[in-house]
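Close look at the chain arrangement
This is what each chain is made of:
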Amino acid sequence: MDYKETIKKYLLNEVIHDMSDLEDNQQLIDSGLIDSISIVKVIIFFENEFDISFEEKDMSPINFETVQAMVDTVSKKTQKYHIY
Amino acid sequence: MEEIILFARIHDIFGIKLMSSIKDTCKKMIYYIGSDENQKHLFSLLDTIQPIDEKDKLKESLHNIIRLSGSMESLELLKNKKVSLWIYDDIYFSTDTYEQEILYYNTEQMNRLEYIAENYECKEINYMSSYYSYYHHGYRDENSDIFLYVREINEAYLVQLGKEKNISTKIYRTPILYCQRDGAQYLSFENILSHRIQEYVLWVESRIPNYFKENSIHIPKTLDGDIYSLSVETVIAKIIEMYHAAKDTLYEIYSIIGDKKISVLDIMNNIFTNQYKIKVQVANVEEKLNSIDAIFYKIYQYHFPRLWMKEGEGKSCVCKNDEISTCFNRVEVEFAPSEKIVYLDNGKELEYYTAGEGETIVIVNAYGVDADAWTKLIIMLSADYRVVYWNTRGIYDAQKPDGSREYICGVDDQVADIEAIINNEGLDKIHIMSWCSGAKAALFYYTKHPDKVLSQIFVCGEFAPFEGSKPYHSKFRENIQLIAEIIRNDKKMLDFYMKIIHSGMFNRPIKEYDIANQNYIFEVMPEKHRDCLLAPFKLKETMVNFLNLCIEYYSHDITELLGMVSIPTLLISAECDQVAPHMQSKWVYSKTSDSIFICFPAASHLLILERTKDVYEIIEQHMKYSRFGSRNDCFKDR
């Protein structure tokens, strides 16, 4: 599954409406492109879309600050689920 | 006939020092016109003077002068005396907000002087003014402001009065920025600039910690200007020298200047470079500025005076420029408000605090904000006013009347708290001030008890909804229903939301400045303010209650209530407020008759924490120039 493509598509369609594309390492939080409520929506989307479950300790900016960080976070989560 | 010195007013440390110096050199009895409150204020100013011997000397001088209340009866003491009249500008001029009120106030002051000149033996008039002008405001034209205008009309008026009554008149134009109210720090142009630069650097670094490690500041050439660098002591010595100098004309105008002009850009460069290691680059055009540079530029443009002297006007009295230090030590003030408890009708206790003496200002805090957020402002206000404040109720279940999770403490509960505290304090008349979501409870209280409230002050008020308010809603407000829904349906998301807010995942300092985050900078919550502003996000209980409080708050439309407002109302707002956009305050201004609207440039929602002195100064103007019902239409005498 191409996490990056899915994540970008979701962000551009549902969260960041006024941009046509996102750089992989573009700051999403520091730039205000994603706000606190949007991140909750993103988390709900990731859990449903990728069949993963986040924990409180995952709620760190480093896991969500760029598209690439989101891809890495989702990848780690899915790997963890596969191991179990 | 006995010769005496009469100060028409003394309102700052400059006036006390001048009075003391004149007393030393003239050996005449000194009188001044001022109320009990004014005298108390002057003694409190002297407490800020650091060298103890100087403080003691000035206090002794102040003790030994004769105070006249200003009533017709009190002025009778001037009978059979030759009066040497001393006057200096007594207006607060940090913004142009109260122009008409200042003019009216000034007219009243001048009328009193005319009364003295007409009814008593007036030997001479000495008038001192500043030759600085806040020239961007453009009172009559683009190069003038209300302060300069007042100076010009006063000079012309006094010269005319002197001619008509054959009274010798001397006018001293000085670089003094009245009012000098902090004895620890001479209020010079350099010091004000130094304070502003410190405030600006801290503001930027609390949002982008590495910004000045990687960037210089660009300052447009257009900000440059010239100043003279003279201390209060030098100016006073020169005034006294010119006062004693022989003269053969009916009036003289002196401009007390330095031996050379000093470039403002040089002073800025010196402060940025030497005190903060920040490189300054002079930009030829304003377009070269990025958003961080523009913040300083806007603040400077708005808050700084310029030297304003016409060539050949008056006799130049040249003094050697003084070295005025731009380094300053912050004087820590001991602050110990009284803690009190009131028992509410529902049997619960509510803790509140009081500080200072004088007219009462009741502060209605924003939801979820710790009362500590107000400390800096309350320290300033409590020097002259009695301030009453508390933490708003309803964040914790135990504070609710029935202690239940379900009960929502709404605006009506906040009004009941204001009523309980005001009753407990036995207050008859109050000024009511609020911040953000304190606004509606303050307004509800006033409309319920119009006889008790003298004036309203709203700082960054949240007033929506109203017709057409949607473009001025914050992101938080727009999303709050969605947040409530998400966390209601998914308990885990409540934990997540709380965690991401409280842990600083959002509104945290920015790692690297980028043009993309130039607006986001105004949303950043500096680390040092997180504890007192983000307390509701610590616990699930407080988080849920806070959201419910906000939802209830947003349900009240105050449009109709505003039509009932008939007292002076001051709306203080911040240009870059991302929480309660300033257009909401502007809307209230358009709906209320006796209101003043001010919008501080390049300021965020954290106005009371980060631009405290600006907020204080505008409140001071409001208290001085507004016409409150109980004062019988007299201006505040302080």
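Residues numbered from 1 in each chain as written. Chains lettered and ligands numbered in written order. Predicted model: local features only at pLDDT ≥ 70, side-chain atom pairs only at ≥ 80, totals over all residues.

**Considering the overall build of chain A**
For chain A, the count of helices and strands is three helices and zero strands. Put simply, chain A runs from its N terminus to its C terminus through helices and strands in the order α-α-α. Taken over C-alpha atoms, the radius of gyration comes to 12 Å for chain A, in line with the 12 Å a tight globule of 84 residues would show. Dimensions of chain A along its principal axes, counting C-alpha atoms only, are 40 × 25 × 20 Å. (Helix = DSSP H or I, 4+ residues; strand = E, 2+ residues; numbered from the N terminus. Rg over C-alpha atoms; globule rule 2.2 N^0.38 Å.)

**A short note on the nonpolar core**
Among the nonpolar cores identified, the biggest contains 186 residues, and B:Leu6, B:Val459, B:Tyr497, B:Ile572 and B:Leu607 are the most heavily contacted of them. Each residue touching B:Leu6, except ones within four places of it in the same chain, is listed here: B:Tyr31, B:Tyr32, B:Leu78, B:Val83, B:Ser84, B:Leu85 and B:Trp86. (Core = buried A, V, L, I, M, F, W, Y, C linked by C-beta atoms within 7 Å. Buried ≥ 20, exposed ≤ 12 C-beta atoms within 10 Å, placed from the backbone. Contact = placed C-beta atoms within 7 Å.)

**Some thoughts on the sheet that holds strand β10 (residues 251-258) of chain B**
All names here are of chain B. Strand order in the open sheet formed by eight strands is β3-β2-β1-β4-β5-β7-β10-β14, with parallel pairing between adjacent strands. Because the sheet does not close on itself, it has two edges, and the strands there are β3 (66-68) and β14 (315-319). Adjacent strand axes in the sheet meet at a mean angle of 25°, parallel and antiparallel pairs treated alike. The strands that helix α5 (residues 99-119) touches are β4 (81-88) and β5 (121-130); relative to β4, the one it contacts most, it runs at about 165°. (Pairing = 2+ DSSP bridges. Axes fitted to C-alpha atoms, helices over the stretch in contact; angles between N-to-C directions.)

**A short note on helix α6 (residues 146-165) of chain B**
Residues and elements named next belong to chain B. Helix length check: α6, at 20 residues, gives a terminal C-alpha distance of 28 Å against a target of 28 Å (1.5 Å per residue), a fit within 8%. Taken together, the buried positions of α6 are occupied by Ile-146, Phe-147, Leu-148, Val-150, Arg-151, Asn-154, Leu-158 and Gly-162. Looking at the buried residues of α6, the elements they touch are α5, β5, β6 (132-133), β7 (168-174) and β10. (Expected span 1.5 Å × (residues − 1).)

**Describing the domain arrangement of chain B**
All names here are of chain B. Annotation of chain B at the domain level lists domain 1 (2-319), domain 2 (338-472 + 549-631) and domain 3 (475-548). If you look at the interface, domain 2 gives 22 residues, while domain 3 gives 17 residues. Considering each element in turn, the side of domain 2 that touches domain 3 owes the most residues, five residues, to helix α18 (residues 540-554). Residue classes in the side of domain 2 that touches domain 3 are distributed as 14 nonpolar, four polar and four charged. (Domains from an automatic or database assignment. Nonpolar A, V, L, I, M, F, W, Y, C, P; charged D, E, K, R; others polar.)

**A word on the pairing of β10(B)**
Across five bridges, β7(B) lies against β10(B) in parallel orientation. Directly across from B:Thr169, in β10(B), lies its bridge partner B:Tyr251.

**As for unusual backbone geometry**
Going from B:Ala464 to B:Pro465, the amide bond is cis rather than trans, its omega being 10°. Along the polypeptide, B:Pro465 turns up in the loop between β20 (453-459) and α15 (475-489). Its identity is not glycine, yet A:Asp51 carries a phi of approximately 55°, on the positive side. One can find A:Asp51 in the loop between α2 (36-50) and α3 (67-83). The class of A:Asp51 is exposed, set by 10 C-beta atoms lying within 10 Å. Although it is not a glycine, B:Lys277 adopts a positive phi angle of roughly 55°. Take B:Lys277: it is sitting in the loop between α10 (264-276) and β12 (280-283). Take B:Lys277: there are 9 C-beta atoms within 10 Å of it, and that puts it in the exposed class.

**Let's talk about the interface of chain B and chain A**
Taken residue by residue, the interface counts 24 residues in chain B and 16 residues in chain A. Looking at the side of chain B that touches chain A, the elements that each hand over two or more residues are α15 and α16 (491-502) of chain B. At seven residues, the largest contribution of residues to the side of chain B that touches chain A is made by α16(B). For the side of chain B that touches chain A, the class distribution of residues is 13 nonpolar, four polar and seven charged.

**Some details on the sheet that holds strand β22 (residues 595-600) of chain B**
Residues and elements named next belong to chain B. Strand order in the open sheet made by the eight strands is β15-β16-β18-β17-β19-β20-β21-β22, with mixed pairing throughout. What marks the edges here is a single partner per strand, and that holds for β15 (338-343) and β22. Direction aside, neighbouring strands of the sheet carry axes that sit 20° apart on average. Across the sheet, helix α13 (residues 411-425) touches β15, β16 (349-355), β17 (360-364), β18 (386-389) and β19 (430-435), and the angle it forms with β17 is around 155°. Relative to strand β21 (residues 569-574), helix α20 (residues 582-591) is tilted by about 160°, and along the sheet it contacts β20, β21 and β22.

**Quick word on the packing of helix α1 (residues 3-15) of chain A against α2(A)**
Residue and element names in this part refer to chain A. Interhelical geometry of α1 versus α2 gives an angle of 140° and a closest axis separation of 11 Å. In terms of orientation, α1 lies oblique with respect to α2. Relative to α2, α1 is oriented so that their crossing is right-handed. Side by side, α1 and α2 meet where Thr-6, Tyr-10, Glu-14 and Val-15 of the first sit next to Ser-38, Lys-41, Val-42, Phe-45 and Glu-49 of the second. Class assignment for the residues of the contact of α1 with α2 results in four nonpolar, two polar and three charged. (Parallel < 35°, antiparallel > 145°, perpendicular 65-115°, else oblique. Left-handed = near helix turned anticlockwise from the far one by under 90°.)

**A word on the confidence of the model for chain B**
Low-confidence regions, as indicated by low pLDDT, have predicted coordinates that should not be scrutinised in detail. Residues and elements named next belong to chain B. The share of residues in chain B with pLDDT of 70 or more is 93%, and the mean pLDDT across the chain is 88. Long-range and interchain partners of residues 630-638, a stretch whose pLDDT sits below 50, account for 18 contacts in this model, where long-range means more than four residues apart. For this predicted complex, the interface confidence comes out at an ipTM of 0.79, alongside a pTM of 0.89. (pLDDT = per-residue confidence, 0-100.)

**Considering the confidence of the model for chain A**
Across chain A, the average pLDDT comes to 86, with 93% of residues at or above 70. Mean pLDDT in chain A bottoms out at α3(A), which sits at 83, and peaks at α1(A), which reaches 93.

**Digging into the environment of B:Tyr98**
Along the chain, B:Tyr98 turns up in the loop between β4 and α5. Sequence spacing of B:Tyr98 and B:Ala603 is 505 residues, and the spatial spacing of their C-alpha atoms is 20 Å.

**Let's talk about the packing of α15(B) against α18(B)**
Residues and elements named next belong to chain B. Relative orientation of the contacting elements α15 and α18 amounts to 130°, with a least axis distance of 10 Å. The angle between the axes of α15 and α18 places the two elements in the oblique class. Like other packed secondary-structure pairs, α15 and α18 cross with a definite hand, here left-handed. Along its contact with α15, which presents Arg-477, Ile-480, Ile-483 and Ala-484, the element α18 presents Leu-547, Cys-550, Ile-551 and Tyr-554. For the contact of α15 with α18, the residue count by class is seven nonpolar, no polar and one charged.

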